[in-house]
Structures are given as C-alpha cells and as structure tokens.
Amino acid sequence: MTYSEHSGGSQAREISPDELTECFKRVGLGEGDHLVMHAQLSNVGVVDGGAAMVLHRLLNIIGKKGLLLMPTFTSVTRHSSTHNGFTRVGCWCEGRENRHLPFISELQPDREMGEVAYRLCSWPGSQRSRHPAFSFVAVGQNSDKLVRKYSLADSLAPLSMLLDVKSFVLTIGVGMDSVSAIHLAEQRYVPAKFVKERALIVSKGQAWVDVMAPGCSAGFQKLSDHFNPDGVQQADLGAAMATLYPMKQLCNAAERLLEANPAALNCERPDCLSCRSIQRS
C-alpha cells in the first residue's frame, strides 16, 4: 500500500480553520462533490470552532451543488440481538425494553458517530432520514431525495443511492472500520451478516418495527491490503489523517474480495458472534 491507514494519534494540537480548508483541498475536494463523511475530532486534536467549523469549511468547498451525507445511528432505539461489540447474546437493555427510546429526528446519534455528525443534524438546511435505528443526515443538492424515503429492510438505502453518481468517502481520524459503505458489499455477497432486529418508533403512541441490522465492521481494515490506492488522496490533519476514497472503487474492491471469500472481512476476535456466523473459506 502507498497510503496510510493511520486514524489518530496522541500528540493532539490546535487546528486552525485555514488548516481545515487546506486539508480538504489537498485531498482533492472541490465544488459539486458528493461525499459520505466519517469523522472523530477527538483523534485530530483541538479544532478552532469545533465541529461547526469543520462543516463550515467543508461545505464552503463543495458548495451548493455538493452533497454531504453522514450516518447518525441510534442504538438506544434498537432492541439488538447482540451487544458489547457483538460479543454477548441479547440486547444491552438486558430484557428491560422500557430502557429504549423511540426514534425522533432530534434524537442524538450514538457517541461513535462523532460530534460532527451530531452537529450536522442541526445544520441549516440539513435533513435526517426517519429510519428508527440507522438514520442518515444530509445537506446539499438533492439531500431531500436521499433521505426522504427509507426502507426498514434496507438500512443502507441512502448509501446505495449515492453509488449511482460519482461520490466519495471522506474519513477524518478514523479507519476503514468506520466506513459504512463497505456494508453495501456485504449486503450483496454476505447477507447473513445482516440480522433482523427491532426498533422503537412513535406511531399512535409507541410501536416496535422490524429492521435489518448490519454486522461487525472491525475487519474492514483488511480491505486496505486489497485496495488499489490509485485515486485515494490523503493529508495530515493535526494528530490524524484525512483520506478521500472514490466510493464506487471502494465498494467494488470489497465485492471482489467477498465474492472470492465471504469471510475475508471478518474480524479476528474469537468471541465476535457476527463474524463467527460467516464460514471461512
């Protein structure tokens, strides 16, 4: 590989707004770009202006014809089949379903989604999908079409729609294990990684609905050993790295790998119930 999988570091320092702009330009972002972003600012350092400044500088670059999409998943709404990183059977609620909250569009995403995704939920003009467990928030051109309709059986529908146009995946301070788009390849070649669970919605009170939940992504880092780095752009940002991947190229690489070996992106944890369910070839 000719690009780094470094996702964060310990030597945090202050990042100026101009450094953000310069970083986004160095990875090749420009006006009209469509992208999915995954970011953890805690791995980057102290950013002047925080998550709001990250969004402000990024959206200024992609402009009104650009589109930004981020996952805003909510585990508090979902009665899951496993918990503790897919290592324990049953939901984190331990049988007390009243510990769950129904999904509303104002509900804060999981901490793992990052503060940038949380801030985007309240950004002017942003729109959040109504999926009760695996929602996405988008802002920019045609963002309403991307999140307006959702399928309980297809938690990744907004990502699938982005594959129909030239789009990118931007990671900041995280690795490939955070890239939701790789689940699209699993959806096609390893559907067993998706399990039926339930999520709580507001519907004449509260009601449970069935949803399909993606599995463990800890093994996605392995894709870097099988991915052609042509077209991938990277730039240092504080103590971490920003990386821009062509989305279709990333998904195609994952599909080829999983078609040859459905367990190729399994994690190495022996207690992972999600990955253990997929037979190694």
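What counts as what
Positions within a chain are numbered from 1, following the residues in the order the chain's sequence is written. With the structure being a predicted model, the display of local features is reserved for residues of pLDDT at least 70 and the display and counting of side-chain atom pairs for 80 or more, all residues being used for whole-chain, interface and lining totals. Each side-chain value is derived from all of the structure's non-hydrogen atoms; neither hydrogens nor water enter the calculation. Fitted lines through C-alpha atoms give the axes, limited to the stretch in contact for helices. The angle between two N-to-C directions lies from 0 to 180 degrees. Here a strand is any run of E in DSSP of at least two residues, a helix any run of H or I of at least four, and the numbering for each starts at the N terminus. Less than a right angle of anticlockwise turn of the near helix away from the far helix marks a crossing as left-handed, whereas a clockwise turn marks it as right-handed. In this analysis, two residues are considered to be in contact whenever any of their non-hydrogen atoms come within 4.5 Å of each other. When residue character is reported, Ala, Val, Leu, Ile, Met, Phe, Trp, Tyr, Cys and Pro are called nonpolar, Asp, Glu, Lys and Arg charged, and the others, Gly included, polar. Each residue after the first adds 1.5 Å to the expected span of a helix. For every residue, the accessible area (1.4 Å probe, protein chains only) is compared with the maximum for its type, and the residue is labelled buried under 20%, exposed over 50%, or partly exposed between those bounds. The salt bridge criterion pairs a side-chain nitrogen of Lys or Arg with a carboxyl oxygen of Asp or Glu, the two atoms within 4 Å. Two strands are said to pair when DSSP picks up at least two bridges between them. Whether a set of points on the 1 Å grid over the protein atoms alone is a cavity depends on a 1.4 Å probe fitting there but being unable to get out, while an open set qualifies as a pocket with protein on both sides within 12 Å along at least five of seven lines; lining residues are those with an atom within 4 Å of a point. Grid points are joined across faces, edges and corners, and a volume is the space filled by probe spheres set on the points. Note on angle classes: values under 35 degrees are labelled roughly parallel, values over 145 roughly antiparallel, values of 65 to 115 roughly perpendicular, and the remainder oblique. Take the buried residues of types Ala, Val, Leu, Ile, Met, Phe, Trp, Tyr and Cys, join any two whose side-chain atoms come within 4.5 Å, and each joined set is a nonpolar core.

1. Section: the packing of helix 6 (residues 182-189) against helix 7 (residues 247-260)
Part 1 of the argument: Put simply, helix 6 and helix 7 touch, their axes get as near as 8 Å, and they point 35° apart. Note on packing geometry: the crossing formed by helix 6 with helix 7 is right-handed. On the side of helix 6, the interface is formed by Ile182, Leu184, Ala185, Glu186, Arg188 and Tyr189, while helix 7 contributes Met247, Leu250, Cys251, Ala254, Glu255, Leu258 and Glu259.
Part 2 of the argument: Residue classes in the contact of helix 6 with helix 7 are distributed as nine nonpolar, no polar and four charged.

2. What about helix 7?
Part 1 of the argument: Here helix 7 contains 14 residues, and its C-alpha end-to-end distance of 20 Å stays within 8% of the 20 Å for a straight helix at 1.5 Å per residue.
Part 2 of the argument: Of the residues making up helix 7, those classed as buried are Met247, Leu250, Cys251, Ala253, Ala254, Glu255, Leu257 and Leu258.
Part 3 of the argument: Here the buried face of helix 7 lies against strand 2 (34-39), helix 5 (157-162), strand 10 (168-172), helix 6 and strand 14 (240-246).

3. A few points about the pattern of salt bridges
Part 1 of the argument: This structure, assessed with the given rule, holds nine salt bridges.
Part 2 of the argument: Here Lys193 ties to Glu186 by a salt bridge, and the two come within 2.7 Å at their closest N and O atoms. Glu186 carries the same exposure label as Lys193, and that label is buried.
Part 3 of the argument: Linking Glu255 and Arg188 is a salt bridge whose minimum nitrogen-to-oxygen distance equals 3.3 Å.

4. Observations concerning the sheet that holds strand 9 (residues 136-140)
Part 1 of the argument: Taken in spatial order, the seven strands line up as 8-9-4-2-10-14-13 in an open sheet, and their pairing is mixed. With one partner strand each, in any of the chains shown, strand 8 (127-128) and strand 13 (233-237) form the two edges of the open sheet.
Part 2 of the argument: Bridge analysis of strand 2 against strand 4 (residues 67-71) gives three bridges, and the strand direction is parallel. Paired with His34 across the strands is Leu67, a residue of strand 4.
Part 3 of the argument: Packing against the sheet, helix 2 (residues 50-62) makes contact with strand 2, strand 4, strand 9 and strand 10, and its axis sits at approximately 140° to strand 4.
Part 4 of the argument: Of the strands in this sheet, strand 2, strand 10 and strand 14 are in contact with helix 7, which crosses strand 14 at around 85°.

5. Observations concerning the layout of surface pockets
Part 1 of the argument: If you add up the space inside the largest pocket, you get close to 1,100 Å³.
Part 2 of the argument: As for the largest pocket, its lining consists of 46 residues, and the residues nearest its centre are Arg78, Phe86, Met113, Gly215 and Ser217.
Part 3 of the argument: Elements that contribute at least two residues to the lining of the largest pocket include exactly strand 2, strand 4, strand 6 (82-83), strand 11 (195-202) and helix 8 (273-276).
Part 4 of the argument: Ranked by residue count, the leading element in the lining of the largest pocket is strand 2, at three residues.

6. So, the sheet that holds strand 11
Part 1 of the argument: A sheet is described by the order of its strands in space; here three strands give the open sequence 5-11-12, paired in antiparallel fashion. Here the strands that pair on one side only, and so sit at the sheet edges, are strand 5 (78-79) and strand 12 (206-213).
Part 2 of the argument: For strand 11 and strand 12, the ladder comprises eight bridges, and the chain directions are antiparallel. Within strand 12, the position partnered with Val202 by the bridge is Gln206.

7. Side note on the environment of Gln249
Part 1 of the argument: In this fold, Gln249 is placed in helix 7.
Part 2 of the argument: Expressed as a C-alpha distance, the spacing of Gln249 and Cys23, which sit 226 residues apart in the sequence, is 22 Å.
Part 3 of the argument: In this view, Gln249 contacts Phe227, Asn228 and Asp230; residues no more than four positions away in its chain are not counted.

8. What to know about the packing of helix 1 (residues 17-26) against helix 2
Part 1 of the argument: Running from amino to carboxyl end, helix 1 crosses helix 2 at an angle of 45°, the nearest separation of the two axes being 9 Å. Our classification of the angle between helix 1 and helix 2 gives oblique. For the pair helix 1 and helix 2, the crossing hand works out as right-handed. When helix 1 is examined against helix 2, the residues Pro17, Asp18, Leu20, Thr21, Phe24 and Lys25 are found in contact with a partner set consisting of Met53, Val54, Arg57, Leu58 and Ile61.
Part 2 of the argument: By residue class, the composition of the contact of helix 1 with helix 2 is seven nonpolar, one polar and three charged.

9. Some remarks on the nonpolar core
Part 1 of the argument: Met37, Leu68, Leu170 and Met247 are the most contacted members of the largest nonpolar core, which has 79 residues in total.
Part 2 of the argument: Residues in contact with Leu170, not counting those within four places in the same chain, are Phe24, Val27, Leu29, Leu35, Val36, Met37, His38, Leu58, Thr243 and Leu244.

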